[in-house]
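Fold and contact review
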Amino acid sequence: MLKQIMIAHDLSPAAEVALARAAQLAQQHQARLIVTHCLSAPSNSATSHDLAAIKQQITQRLQAQLTQLASHPATVEWVVKAGQPSIKLAELVRAYSVDLLVVGQHHQASPEGFSGTTLEHLLQKIKVPVLLAVEPVSDNYQRSLIAMDFSQTASRALQQLIKLISADTQVTALHICEMAEQQLTAAARSELEWQQQLFAQLIQDGCAGLALAATRIEQRVVQGELYNCLEQALQQIQPQLLALGRHGRGEMADALLGSLTHSLLAAPPCDLLVVS
């Protein structure tokens, strides 16, 4: 169960969507919701009184947004700080021992918004899961998809997904073997079957000690081109949440968790949970 959920709000319409999801999750988990906003560096002429007034105005604006939502977490804290967003947020995540950081889809118009570069820098600075929330909120997540390889990062992503969702959320775990259909010889078929067995064991190990039994997870091991297979799964399942791991720079990052993560951050097909 999550105890501390932080939402990074940049005052954009996309951030309002993220706030709604953060509030829903905080209510679902009975977690504390920490609503943060990072101001750009104040001008030299700005006084401490000016800065305090700006912070108060922003806090009141965010409070007004939260009161209009269907979900109302029991405990909410408001934090407005001045500084570069990725650096300041990383400091706040550590200071509050955050379990999940929620952000909205980046937009190009605002210099304070979460551009692709800002979000990627933030992912490099923190170890907690980051939820990129882009879909309007109606209820708890009903359908989820996780793209996995056989790495420890993928196992952590599965565990964090299970902790995040509700007990009735549908979970599909997808492993893609990159081989063309014409390559599906007897040897290739045997390799695919072997990977299916390994994947089943990975899922079982990942679910150990958690609230969701491995038997409740639909397991798919498919062969084909990476992006095509994932696109087909997205079309078939229509998930509201897609989870995947992100390898650190020092690891052998494969395409599934490298270039794919980058492209999904730029154009998420649904809410995206990224776990390092």
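The rules we used
Residues numbered from 1 in each chain as written. Predicted model: local features only at pLDDT ≥ 70, side-chain atom pairs only at ≥ 80, totals over all residues. Heavy atoms only, no water. Disulfide = S-S within 2.5 Å. Salt bridge = Lys/Arg side-chain N within 4 Å of Asp/Glu carboxyl O. Helix = DSSP H or I, 4+ residues; strand = E, 2+ residues; numbered from the N terminus. Buried < 20%, exposed > 50% of the residue type's maximum accessible area, 1.4 Å probe, protein only. Expected span 1.5 Å × (residues − 1). Arc of directions from axis to C-beta. Contact = heavy atoms within 4.5 Å. Lys, Arg positive; Asp, Glu negative; His and termini not counted. Polar contact = N/O pair within 3.5 Å; in protein donor to acceptor, adjacent residues only side chain to side chain. Pairing = 2+ DSSP bridges. Axes fitted to C-alpha atoms, helices over the stretch in contact; angles between N-to-C directions.

**Remarks on the state of the cysteines**
Scanning the entire structure with this criterion turns up zero disulfides. The structure places no disulfide on Cys177, whose sulfur is separated from the nearest cysteine sulfur, that of Cys229, by 8.9 Å.

**Here we look at the pattern of salt bridges**
Inspection of the entire model under this criterion finds four salt bridges. Glu91 is the salt-bridge partner of Lys88, the closest N and O atoms lying 3.2 Å from each other. Here Lys88 and its partner Glu91 are both found in helix H3 (residues 85-95), three residues apart, which amounts to about one turn of the helix. The exposure class of Glu91 is partly exposed, given its relative accessible area of 38%.

**Observations regarding helix H2 (residues 48-67)**
For an α-helix the count is 3.6 residues per turn, leaving residues at separations of three or four pointing the same way. Between its first and last C-alpha atoms H2 spans 29 Å; for 20 residues at 1.5 Å apiece the expected length is 28 Å, and the two agree. Of all the residues in H2, the buried ones are Ile58, Thr59, Leu62, Gln65 and Leu66. Buried residues of H2 fall within an arc of 120 degrees about the axis and therefore sit on the same side. For H2, exposure combined with an orientation more than 90 degrees from the buried face picks out His49, Gln57 and Thr67. For H2, the secondary structure elements touched by its buried residues are helix H1 (13-29), strand S2 (32-39) and strand S3 (75-82).

**Things to note about the side chain of Asp10**
By the secondary structure assignment, Asp10 is in the loop between strand S1 (4-8) and H1. No salt bridge is formed by the buried Asp10. Its closest oppositely charged neighbour is Arg61, at 8.3 Å. A polar side-chain atom of Asp10 sits 2.6 Å from a polar atom in the side chain of Ser12.

**A word on the sheet that holds S3**
Ordered by their spatial adjacency, 10 strands build an open sheet running S3-S2-S1-S4-S5-S10-S9-S6-S7-S8, and the pairing between neighbours is mixed. In this open sheet, the two strands that pair with only one neighbour each are S3 and strand S8 (217-223). The average angle at which neighbouring strand axes cross in this sheet is 20 degrees, direction not considered. By the bridge criterion, four bridges tie strand S6 (residues 143-147) to strand S9 (residues 241-245) in an arrangement that is parallel.

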